[in-house]
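Residues per chain are reported as follows:
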Amino acid sequence: MTRVALIDDHESVRLGLEAACARDADMTVVFSGSTVTDYLDWRTFSGSAPADVVVLDLTLGDGTTVTENVRRVVSDGSSVIIHSVADRPAAVREALAAGAAGVVSKASPIDDVIAAIRTVAFGEPLNNVEWASAVEGDRAFADAQLSARERDVLRLYAAGLPLKVVADRLGVAYSTAKENITRVRVKYVEVGRPAPTKVDLLRRALEDGILSESGDDATTGGTRDR
């Protein structure tokens, strides 16, 4: 029996999904609510095991981000399917990067949603070709438009060097290196890819090919301003 949790702040959507799941003999809805916090509180107070699959709306009305919602649910032990519309490819990419197993459009037939839940519950990959195409076409997401100097600072900083060492390595003032990292963070926020921590900056640098997987980036120098 596949245990499903539904998290969406639109009650009509949840009721429709509940009814569809109820028609499947191998599926049961163990939770239906409007926030991830409500779901995790229910888990704590009921002592119930994590749902096998959590169907999660891309944007909830409680001010949370898709990254934190997906990560909280995945860390709790459930697979996540994002159930959303197709007009925010950057946010969809953010959800997939945070660990969502796949995305199903709210415009999809209900049988497709149930099939997606079943697929993910079996541990099989969900076909996201349509969404991958949308993400690839989102140039704002694909390019944060970092300058050469910003890329150099990000590469060395994300590779693990302290910011003062980064500044010394590049021959710039510490304040300049710090300003560059601040601008990098701002630019990533502007394209829907926030990077508030050093770990997040590492992830962005790897995603954008600024940092290689080999780990030798901290030993190489960068470009210098002319």
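See above for the structure.
In this report, the structure presented in the accompanying data block is examined. What you see is a predicted model, and the numbers here were worked out from it, not measured in a lab. Sequence order sets the numbering: in each chain, residues are counted from 1 along the sequence as written. For this predicted model, a pLDDT threshold of at least 70 governs which residues receive local features, and a threshold of 80 or more governs which side-chain atom pairs are given and counted, while totals over whole chains, interfaces and linings are taken from all residues. Side-chain measures were taken over the full set of non-hydrogen atoms in the model, leaving aside hydrogen atoms and water.

### Overview of the side chain of arginine 204
- Strands are runs of DSSP state E lasting at least two residues, helices are runs of H or I lasting at least four, and both sets are numbered from the N terminus onward. Topologically, arginine 204 is positioned in helix α11 (residues 198–207).
- Judged by its relative accessible area of 7%, arginine 204 is buried.
- Reaching out from arginine 204, the side chain makes a polar contact with the backbone oxygen of proline 194 at a distance of 3.0 Å.
- Excluding its chain neighbours within four sequence positions, the residues that come into contact with arginine 204 are Tyr188, Arg193, Pro194 and Ala195. Relative accessible area decides the class of each residue, using a 1.4 Å probe on protein chains only: under 20% of the type maximum gives buried, over 50% gives exposed, and in between gives partly exposed. Under this definition, polar contacts are N or O atom pairs within 3.5 Å; protein pairs additionally need one hydrogen-donor-capable and one acceptor-capable atom, and for neighbouring residues in sequence, both atoms have to be side-chain atoms. Throughout, a contact is declared for two residues whenever any of their heavy atoms are within 4.5 Å.

### Considerations on the sheet that holds strand β1 (residues 2–7)
- Read across the sheet, five strands follow the order β2-β1-β3-β4-β5 without closing on themselves; strand pairing throughout is parallel. The two strands at the open ends of the sheet, each matched to only one other strand, are β2 (27–33) and β5 (102–105). Between one strand axis and the next, the sheet turns through 25° on average, direction left out of account.
- By the convention used here, strands pair only if DSSP detects at least 2 bridges between them. Bridging between β1 and β2 involves six bridges; their strand directions are parallel. As a rule, the C-alpha atoms of each element are fitted with a line to give its axis, helices using only the stretch in contact, and angles between N-to-C directions run from 0 to 180 degrees.

### Notes on the pattern of salt bridges
- Criterion for a salt bridge: a side-chain nitrogen of Lys or Arg within 4 Å of a carboxyl oxygen of Asp or Glu. Applying the stated criterion to the full structure yields 12 salt bridges.
- A salt bridge links arginine 183 to glutamate 150, with the shortest nitrogen-to-oxygen separation between them at 2.8 Å. Of this pair, arginine 183 sits in helix α10 (residues 174–190) while glutamate 150 is found in helix α8 (residues 148–158), placing the two residues 33 residues apart along the sequence.
- Taking the relative accessible area as the measure of exposure, glutamate 150 reaches 2% and is therefore buried.

### Details of α8
- With nine of 11 residues buried, α8 lies mostly within the body of the structure.
- Here α8 has its buried residues at Arg149, Glu150, Asp152, Val153, Leu154, Arg155, Leu156, Tyr157 and Ala158.
- Those residues of α8 hidden inside the fold are in contact with α9 (163–170), α10 and α11.
- Once α8 finishes, glycine 160 follows within two positions and takes phi at roughly 120°, a positive value.

### Overview of the nonpolar core
- In this description, a nonpolar core means a group of buried Ala, Val, Leu, Ile, Met, Phe, Trp, Tyr and Cys residues linked to one another through side-chain atoms lying within 4.5 Å. One finds Leu146, Leu154, Leu163, Val166, Tyr188 and Leu201 to be the most contacted residues of the largest nonpolar core, which totals 23 residues.
- Listed by contribution, the elements that provide at least two residues to this core are α8, α9, α10 and α11.
- The leading source of residues in this core is α8, at five residues.
- Beyond its immediate sequence surroundings of up to four residues, valine 166 is in contact with Val153, Leu156, Tyr157 and Leu161.
- If you look at the next biggest cluster of nonpolar residues, it comprises 22 residues, including Ala5, Phe31, Val36 and Leu56.

### So, the packing of aromatic side chains
- Under the pairing criterion, centres of Phe, Tyr and Trp rings, with the six-membered ring standing for Trp, must be within 6.5 Å; the plane angle then separates stacked pairs below 30 degrees from edge-to-face pairs above 60, leaving the rest tilted. Within the structure shown, the criterion is met by three aromatic pairs.
- When the ring of phenylalanine 31 is compared with that of tyrosine 39, the centres are 5.4 Å apart and the planes differ by 65°; the resulting orientation is edge-to-face. The same class applies to phenylalanine 31 as to tyrosine 39, namely buried.
- Residues phenylalanine 31 and tryptophan 42 carry aromatic rings whose centres are separated by 5.6 Å and whose planes lie at 40° to one another, so their mutual orientation is tilted. Of this pair, phenylalanine 31 sits in strand β2 while tryptophan 42 sits in helix α2 (residues 36–46); the two residues are 11 residues apart in sequence, bridging distant segments of the chain.
- Note on phenylalanine 31: relative accessible area 11%, which makes it buried.

### Overview of the pairing of β1
- Among the six residues in β1, five count as buried, and that is most of the element.
- Note on the crossover from β1 through helix α1 (residues 11–22) to β2: the handedness is right-handed.
- Inspection of the sheet shows β1 paired to strand β3 (residues 53–57) by four bridges, in the parallel sense. For leucine 6, the partnering residue across the bridge sits in β3 and is valine 55. A crossover counts as right-handed when, viewed with the strands pointing away from the observer, the path leading from the first strand over the helix to the second turns clockwise.

### Side note on the pairing of β5
- Because side chains alternate across β5, one face comprises the buried residues Gly102 and Val104, and the other comprises Val103 and Ser105, equally buried.
- With four bridges connecting them, strand β4 (residues 79–84) and β5 associate as parallel partners. Paired with isoleucine 82 across the bridge in β5 is valine 103.

### As for a negative patch on the surface
- Residues enter patches when their relative accessible area tops 30% and they take part in no salt bridge; the joining distance is 9 Å for like charges and 5 Å for the nonpolar side chains Val, Leu, Ile, Met, Phe, Trp and Tyr. Only the protein chains shown count as cover for residues, and all accessible areas are computed by the Shrake-Rupley method using a 1.4 Å probe. Only four residue types enter the charge count: Lys and Arg as positive, Asp and Glu as negative, with His and the chain ends excluded. The atoms used to mark charge sites are NZ of Lys, CZ of Arg, CG of Asp and CD of Glu. A cluster of like negative charges, contributed by Asp9, Asp38, Asp41, Asp62 and Glu68, occupies part of the molecular surface.
- Turning to its location among the elements, glutamate 68 is positioned in helix α3 (residues 66–76).
- The partly exposed category is assigned to glutamate 68, whose relative accessible area is 34%.

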